[in-house]
Each structure stands twice: as structure tokens, then as C-alpha cells.
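Overview (structure and organization)
Listed below, chain by chain, are the residues.
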Amino acid sequence: MASNNPHEIMDDEGFDWEAAAREIDVVCQMTRDAKGKGKGKAYEKRKQSTLDKFVSIANAKKKTPTPQFEEDDEGPTLVHHIDVEAAKTWIYPVNVPLRDYQFDITQSALFSNTLVALPTGLGKTLIAAVVMYNYFRWFPQGKIVFAAPSRPLVMQQIEACHNIVGIPQGAFNCRNGQVDMTGQLSPPKRARFWKTKRVFFVTPQVLEKDIHSGTCLVKYLVCLVIDEAHRAMGNYAYCEAVRELMAVPVQLRILALTATPGSKQQTVQAVIDNLHISKLEYRSEIDHDVISYVHNRKIELIQVAMGPEAVQINNKFMEVIRPIVARLTNMGVIQNRDYRTLSPCQLLEIREKFRQWPRQDLSHVNYEDVEGYFGVLITLYYIHKLLSSHGIRPAYEMLERKLKQGYFAKFMSKNEVILKARQLMQQSLSHGASSPKLSKMLEVLLEHFKTNDPQNSRVIIFSNYRESVRDIMDALGDIGELVRATEFIGQSSGKAMKGQSQKVQQAVLKKFRSGTYNVIVATSIGEEGLDIMEVDLVISFDANISPLRMIQRMGRTGRKHDGRVDIL
């Protein structure tokens, strides 16, 4: 889950990816069990309070449930009507192979607010399309909204709705096949779409703004699909939009989709509460109705030692870090921690606790100094992480930027040890010293293409850090025609690389599928949701990311045939 804190860039190392997957299993099972315990019927009624008057089961027998429409006691809340004849049935496409778990989840999602947690590549897009299509049929004037964090995800769902289930393209908010309901479209044009169209593909930020401004005709909404639902935490736009809808109130069906609901029970429960979910449909890759559609995935953790120059530079950083940690320890701010094992994430947590302590308990502490020490330490540990995970160049570039700004520049610009580390970095880069991790990555890649046809095989290399994408691309450019690589990055432009527009991103994916490229080097944009295509090998250039993100990366292979994941 992305943090609102700009400093929280990397998580701890040393996690167990298989254990993380098992933890999700346990969490979801506990959430299922909780429905029948403790909270009981009162809990279920609270969750369904806006749904009972909208869609209910016609009878308790094994018949197709029929949507029902009623008016609120205080008068009609909705201004659309139900097509009673259409609502006697629900339609499932026969132009795609039938998978029992997709059929069962779809039926559940039609009649309950449902969180669908399904591994990458197992067909959440189809489930969403079928639910949207049936609500399109049942409510002739109703409006259906699909929300996704990025435009490529939106384009993917449009294709499914039009090509698989046959929602007429004239009902979409699109012109010439291009989705328009993003921040790039002016509010007046969006307002015209809300009045004239029925099926909307939007980003969560646009949805929130249009609900808040009244542009979105909320009383016509009958179905809201939320993609990458694990983002629904705190004040993220998904949460704000649903809160505003429930405050109207609006009676609508909510379908939430994710491959990674959360690694802790409270995280999953927060998503369920924020999106007013009443039913969880969770499948793991070992569930009986899913396992036949999942293939072998070999996972290998490859340990790569830092080169001697990087070790020498790292020792210099530790030499600077040690006395600052000791100073905070003596003040009682940091307790019993080994400076060699701290991380930026842990320091952020410690700093937050410090800020919450009663002032009278720390009368001997200069708050401004402590805040400054924390800021310096977080930066130093982040540079240390870059050095160990991505190499000398990204660490050096970060150090150069930080030495020109803020408290870090004031505190460190004349520190002799830091200046010596900087000099060592400059010398290493001028000599063109090779990165052991880049060398190992090239070795893994070349070995793969020796046993797999470069024309047909596909590889994704993931890196958490934009600048290391550039270094990886430079290294791949030196190994000949065997590897045809390109980068796949977000829209924002950084210091070292210009971002990619959504048009360029779509072109990259198209060329990757066609074989123009057989390797893409992706940042986090390649982890979530996108139908990139089945790949044979995933190389994770950095291991110290969250377990959920690692699961998303691993989900890119082993779907249609056996695959491999190498974690450096």
C-alpha cells in the first residue's frame, strides 16, 4: 500500500514471500469466519443497510436471484427504474471458456457488495464486465462506473466490456475509442458525458471530484466497480468517493477487485469497511477450483555480494550513521537498536512515536535538533539502501541532490567522511566499474535466452527505482540483438528520465505482445493490474519491497504455462 509519507520509499528486507502469501490466506479466512461470529447478524445488516432496498434475493430456493427496487420511506432516493423482465435473468458470456470459480464469483457479485481477491491473470476483468453488463440490462436509465488508478487499466476494461459481453460502445464515455474521463478532460465536457452516457471509465480522482462538485449524477448510479481495491485506505480517492455516495444516500452495487487485499487482518478489514463490502470472494492459487488454471512457478533468491568499491563506500556511510544513532539513543529517543539494521521505514515509525510523546517527559531534548537528526538519518539510510540494492550511480545521484538542499546540506556538506564517500563514488563511476548485480542480471537473462526462443519468449525486469531502470537499459544495450529491450515507466518525469505518456505506455505493451520487444524494464507501474501478457521469466532487480508488491510481480508468470522468478 502506498504511503502518504514522501519519505517512506522502501520497506524492510528479509521477508518471506511464501509466508506473505500464506498470511493473506489466513487473513481472508479470518475475515470470512468473522461474519459468522462476534458481529453476527447485526454486522451483516449494517453492511447491507443501503442494499436491502436495491437488490435482494427473490426466494431462498436455488433459483436465479432477482433484483428488486423499492422506494425509501421518506420518498424515492433513485430516479431510475428496473426492467422487470430483464431482471428475471442474468447473462453470462458463452464466447469465453467457462471457469467455475469465475461463474460463482460473478453470481455472488451481482447480489452482494463483493471484494474479489483473485491472483493476477485469473480473470477479474471478465467478472467485472459481466456484472457491469447485467446492471446495464436491468436498469435502462442506470449509470455504471468503472474506476481504475491508471488509463491503461481503464482501456483494458473497456475492451472487455465491448468485445466480451457486448455493451454498446455508444454507451461509453469515449470518442474514437479513446477514454476521456480523466483529469485531462475539462469539467464542462465531463458534465456532458455524465448526462448523455451510461457506462463510465474514470480515474478515482476524477470520480471523487465529480461527485463532490455535483457533476456526477449520483442518483442514477447503480453499479460501481473499483479496480486495485487494496488502495482504498485512509483518504485515498476511492474512500472519499464511497463516503460521499453513502452520505447521499445512494443504493448501488459495489464490486471491488484486487490481487493483493492486504497482508494483515486489519488492512483487509479496513478495505472492507471503507468500500461497504458485505462479501469476500477470495481464491488462492491452491484452491480446488483455481489450481487447474495455475502453472508451476519456480522462485529463486539469488544473493549478490556488493563489489569491493561499494563495500568501502558503504562503510563510510555507516561511519557517519553510527554517532548520530548513538546521540539519539543517549537522548532516549531511540532505544536498544543496532545502527547496522535500521531502515528508513523503521526510523519514520520511531520519529512518529517521538512526536507523540508528552513534551514534559523530554524536557532535556531540543526538538529541532532531534527532527534534524531524524531527517539526516532517513536520507543516509535511504542512500545506503540504494547503494546495496541498485548500485553506486543511483546512490551517488541521490547524495548529490541532498547535499544541495535543506537540513541535510547544512549538517553534512562539510562532513569529512561524507565528502570522502562522495569522492570514492566519483572515482568508481569515472573508472566505469561494473555493478555485480547488473552483471548477474545479464548472466541470468542470457542463460534464459539460450534455452528459450528469443522470438517467442518474454521477460520482465522490475526495478523500484527509476534511475536504476536507466542503468539496466544501458547494460542491456551492450549484449547484442538477442535482447530487444525497452523501458516501461510512469508518466512523471524525473531527474534522469522523462516519463512516458499513456499513449507511449500502450505502444510499448503492444510492441511487447507482438515481439518487437522481448524484454521490458518496468517500475511499479508494471506490477498492478495491467494485462501485459504472460511472461516466462520475471527478474526482480530489488528484493527489499513489500511482500504484496512482490506477490504482484510474481503474478506476471506461471499463469498459462510454467514460469520462473529470480529475485536479486
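See above for the structure.
The structure presented is a predicted model; accordingly, all values stated were derived computationally and were not measured. (Residues numbered from 1 in each chain as written. Predicted model: local features only at pLDDT ≥ 70, side-chain atom pairs only at ≥ 80, totals over all residues. Heavy atoms only, no water.)

So, on to the sheet that holds strand S9 (residues 297-301). A sheet is described by the order of its strands in space; here six strands give the open sequence S9-S14-S13-S10-S12-S11, paired in parallel fashion. Where the open sheet ends on each side, the last strands, each with one partner, are S9 and strand S11 (485-488). Strand-to-strand twist of the sheet, defined as the mean angle between neighbouring strand axes without regard to direction, takes the value 15°. Pairing of strand S10 (residues 459-462) with strand S12 (residues 519-522), which is carried by four bridges, proceeds in the parallel orientation. (Pairing = 2+ DSSP bridges. Helix = DSSP H or I, 4+ residues; strand = E, 2+ residues; numbered from the N terminus. Axes fitted to C-alpha atoms, helices over the stretch in contact; angles between N-to-C directions.)

Further remarks concern the pattern of salt bridges. The full count for this structure, using the stated rule, is 16 salt bridges. Across the salt bridge formed by Asp289 and Arg283, the nearest N and O atoms sit 3.0 Å from each other. Salt bridges linked by common partners bring Lys279, Glu281, Arg283 and Asp289 together as one network. (Salt bridge = Lys/Arg side-chain N within 4 Å of Asp/Glu carboxyl O.)

This next bit is on the side chain of Lys437. Checked against the element boundaries, Lys437 lands in helix H16 (residues 436-451). Buried within the structure, Lys437 lacks any salt-bridge partner; its nearest side chain of opposite charge belongs to Asp542, at an N-O separation of 6.7 Å. (Buried < 20%, exposed > 50% of the residue type's maximum accessible area, 1.4 Å probe, protein only. Lys, Arg positive; Asp, Glu negative; His and termini not counted.)

Spatially, six strands are ordered S5-S2-S6-S7-S1-S8 in an open sheet, and the strand pairing comes out parallel. At either margin of the open sheet sits one strand with a lone partner, and together these are strand S5 (199-202) and strand S8 (279-282). Adjacent strand axes in the sheet meet at a mean angle of 15°, parallel and antiparallel pairs treated alike. Here strand S2 (residues 143-147) pairs with S5 via four bridges, running parallel. In the sheet register, Ile144 faces S5, and the bridge partner there is Val199. Set on the sheet, helix H4 (residues 124-138) makes contact with strand S1 (114-117), S2, S5, strand S6 (221-226) and strand S7 (253-258); between it and S7 the angle comes to about 170°. (Contact = heavy atoms within 4.5 Å.)

Moving on, we get to the environment of Glu371. Position of Glu371 relative to the elements: it lies in helix H12 (residues 367-390). Other than its neighbours up to four places away in sequence, Glu371 contacts Arg351, Phe354 and Arg355. Side chain to side chain, Glu371 and Arg355 meet in a polar contact 2.8 Å long. (Polar contact = N/O pair within 3.5 Å; in protein donor to acceptor, adjacent residues only side chain to side chain.)

Across its 13 residues, helix H18 (residues 502-514) extends 18 Å between first and last C-alpha, which sits within 8% of the 18 Å expected from 1.5 Å per residue. Every buried residue belonging to H18 is among Gln502, Gln505, Val508, Leu509 and Phe512, and all of these are buried. One side of H18 holds all its buried residues, which, seen down the axis, span an arc of 115°. Of the exposed residues in H18, those oriented more than 90 degrees away from the buried face are Lys503, Lys510 and Ser514. Directly beyond the C-terminal end of H18, a positive phi value near 100° is found at Gly515. (Expected span 1.5 Å × (residues − 1). Arc of directions from axis to C-beta.)

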